[in-house]
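Structure assessment
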Amino acid sequence: MILKIIKYPNPILRKKSKKIEIIDRKIKKLAQDMLETLKSAQGLGLAAPQVGESISLFVLNFGEKSLVFINPEIIKKSKKKEVLEEGCLSFPGLFLKIKRPKEIEIKALDLNGQEIKRKFNGLDARVIQHEIDHLNGILFIDRLSWLEKLKLKKKIAAVV
Ligand code: NI
């Protein structure tokens, strides 16, 4: 089932999401629907708050690879940062160059409740950091510097 994607400035995007205690059928169905929604929107990542569920879950879609992460936590970040362009399904048409750590290590659960502990770099690391931010009510516009925010104020106002 394709879900409706919530757009900025809906306040649910600012809420910190709750940890998932039990991975039941409802959670599994939600993850499946989110993957379907993500594919149809041709995005790379989608976090549960973006479909109106304030719970700690996000999905990734890299071509053949579909991944579900539950209760994710970043346990390590590289000091080295890089600037990459990001988009967000909650901000259609807005693409921003954002500086973030180049490599991360995360801990999460998969849909079977098994622990995942993995390092990511490049685009994977980028999308994962963006999605984990969503789970904490942080949006990519918040990651801009003060000056960049000011410069982009008009641009943001025009697309949202
Ligand atoms: Ni996003």
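Scroll up to find the structure.
Here's what I pulled together on the structure shown here. (Residues numbered from 1 in each chain as written. Predicted model: local features only at pLDDT ≥ 70, side-chain atom pairs only at ≥ 80, totals over all residues. Heavy atoms only, no water.)

A few points about the overall build of the protein chain
The number of helices and strands found in the protein chain is three helices and seven strands. Helices and strands appear in the protein chain in the N-to-C order α-β-β-β-β-β-β-β-α-α. Computed over the C-alpha atoms, the radius of gyration of the protein chain is 15 Å, within 12% of the 15 Å expected from 2.2 N^0.38 for a compact globule of 160 residues. Put simply, the protein chain has 160 residues, and 46% of those count as buried. The long-range share in the protein chain, meaning contacts at least 24 apart out of those at least 6 apart in sequence, stands at 65%. If you sum the accessible surface of the protein chain, you get close to 9,200 Å²; carbon and sulfur atoms cover 52% of it. Distance between charge centres in the protein chain, computed from 33 positive and 19 negative side chains, equals 6 Å. (Helix = DSSP H or I, 4+ residues; strand = E, 2+ residues; numbered from the N terminus. Rg over C-alpha atoms; globule rule 2.2 N^0.38 Å. Buried < 20%, exposed > 50% of the residue type's maximum accessible area, 1.4 Å probe, protein only. Contact = heavy atoms within 4.5 Å. Areas by Shrake-Rupley, 256 points an atom, 1.4 Å probe, with all protein chains shown as cover. Lys, Arg positive; Asp, Glu negative; His and termini not counted. Charge placed at Lys NZ, Arg CZ, Asp CG, Glu CD.)

Observations concerning the coordination of the nickel ion
Within the protein, the atoms that donate to the nickel ion are Cys88 (SG), His130 (NE2) and His134 (NE2), at distances of 2.1 to 2.2 Å. Ordering the donors of the nickel ion by residue number gives the pattern C-x41-H-x3-H. Placement of Cys88 in the loop between strand 4 (81-86) and strand 5 (96-101) and of His134 in helix 2 (residues 122-135) is noted, with a sequence separation of 46 residues between them. Taken as a pair, Cys88 and His134 share a single burial class, namely buried. (Donors = N, O, S within 2.8 Å, 3.2 Å for Na, K, Ca; no water.)

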